[in-house]
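Fold and contact review
What follows is each chain in one-letter form.
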Amino acid sequence: IDKRGNRVQPAIDNTIKTGNREIIVDINEYDVYGFIDENTEEVIIPYKYEDANNFSEGLAAVSLEGKWGFINERDDVLISFKYEQAKDFSEGLAAVSLKRKWGFIDKEGNTIIPFKYDEAMSFSEGECSVEIAEKWITISKTGKRIITRSDIEDWIVKLILGIIQIMVTLFMLYMLYAMFEKFFL
């Protein structure tokens with residue numbers, strides 16, 4: 001929006017192409033979200049959402065009455081409004097939160113990876129970073145932990161520090177023994 005209040009470019013530039021239309025999320029002067037055709041600026045989905053993400057893999061995460069759900073390009077609700085937060089679909093899964101924990105759902109709304117993470121990113125190349133117990137780890141699309149180079153480096157550092165601690169303790173015991181050797185004989 002320029003200084004005169006005219007739209008220079010849409011608020012967000014991700015689009016979904018349906019036929020000749022490219023649909024993007026837009027926000028009106030009342031801070032209400034809807035979706036417009038990027039080329040004609042025709043309103044495709046009315047301005048009625050509290051918040052909205054652009055379409056990703058055919059669905060858009062939208063917020064209504066404080067809850068997030070997913071709609072298609074015809075404004076049909078495909079996944080009901082029950083989530084506290086929602087991220088875009090990526091590789092067939094979307095990160096969503098319930099009761100302050102993140103999990104992953106498929107495009108039918110089925111829970112694929114349980115709600116147990118403190119934070120979650122989106123999948124890329126079959127992997128996703130998630131936070132659990134103040135530690136970031138990488139998981140697969142089945143929810144299994146993937147061992148990364150960083151994990152191995154952390155374990156090596158912990159192993160080396162443990163060995164150093166043992167060596168220092170043994171050295172201190174030797175020094176104590178040497179100091180008090182005459183008392184032990």
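Look up: the structure comes first, before these words.
To keep things clear, this report deals only with the structure shown in the data block. Residue positions are counted from 1 within each chain, in the order its sequence is given. Local features are withheld for residues below a pLDDT of 70 in this predicted model, meaning they are given only at 70 or higher, and side-chain atom pairs are given and counted only at 80 or more; totals for whole chains, interfaces and linings count all residues. Excluding hydrogens and water, the side-chain values take into account all heavy atoms of the structure.

Within the chain, the secondary structure is distributed over two helices and 16 strands. Summary of the burial criterion: residues with accessible area below 20% of their type's maximum are buried, those above 50% are exposed, and those between are partly exposed, where the area comes from a 1.4 Å probe applied to protein chains only. Scored against the burial criterion, the 185 residues of the chain give a buried share of 32%. Accessible surface, the chain: about 12100 Å² in total, of which carbon and sulfur atoms supply 55%. In this text, helices come from DSSP runs of H or I with a minimum length of four residues, and strands from runs of E with a minimum of two, each type numbered from the N-terminal end. We get accessible surface area from the Shrake-Rupley algorithm with a probe of 1.4 Å; when it comes to residues, only the shown protein chains can shield them.

We now examine the sheet that holds strand β11 (residues 101-105). Strand order across the open sheet formed by four strands is β9-β10-β11-β12, with antiparallel pairing between neighbours. Each edge of the open sheet carries a strand with a single partner, namely β9 (85-90) and β12 (111-117). The sheet shows a mean angle of 20° between the axes of neighbouring strands, taken without regard to direction. Strand pairing requires that DSSP identify at least two bridges connecting the strands. One ladder, built from three bridges, connects β11 with β12; its direction is antiparallel. Paired with I105 across the strands is T111, a residue of β12. Fitting a line to C-alpha atoms yields each axis, with helices limited to the stretch in contact; the angle taken between N-to-C directions then spans 0 to 180 degrees.

On to the pattern of salt bridges. When a carboxyl oxygen of Asp or Glu is within 4 Å of a side-chain nitrogen of Lys or Arg, the pair counts as a salt bridge. Taken as a whole, this structure holds seven salt bridges when the rule is applied. Between D76 and R74 there is a salt bridge, with its nearest N and O atoms 3.3 Å apart. Accessibility expressed as a relative area gives 32% for D76, which makes it partly exposed. You can call R74 exposed: its relative accessible area is 58%. Here D154 ties to K135 by a salt bridge, and the two come within 3.8 Å at their closest N and O atoms. Note that D154 is positioned in helix α1 (residues 149-179) and K135 in strand β15 (residues 135-140), a separation of 19 residues in sequence. Given the relative accessible area of 35%, K135 is considered partly exposed. Through salt bridges with shared partners, a single ionic network connects E73, R74 and D76.

A separate point is the pairing of strand β8 (residues 77-83). Pairing geometry for strand β7 (residues 67-71) and β8, over three bridges, is antiparallel. Bridged to F70 within β8 is I79. What sits between β7 and β8 in their antiparallel hairpin is a turn of five residues, with D75 showing a positive phi close to 70°.

Bringing the sheet that holds strand β6 (residues 60-64) into the picture now. Reading across the sheet, the four strands line up as β5-β6-β7-β8 and stay open at both edges, with antiparallel pairing between neighbours. Edge positions in the sheet fall to β5 (51-52) and β8, since each of these pairs with one other strand and no more.

Looking now at the pairing of strand β10 (residues 93-98). Counting buried positions along β10 gives five out of six residues, so the element sits mostly inside the fold. In terms of strand pairing, β9 meets β10 through four bridges, oriented antiparallel. Looking across to β10, one finds that S90 is bridged to L93. Linking β9 back to β10 in an antiparallel pair, the connection comprises two residues, with E91 at a positive phi of about 55°. Note: β10 against β11, five bridges, orientation antiparallel.

Moving on to the environment of W102. Within the secondary structure, W102 sits in strand β11. We classify W102 as buried; its relative accessible area is 4%. Placed 16 residues apart in sequence, W102 and D118 show a C-alpha to C-alpha distance of 6.1 Å.

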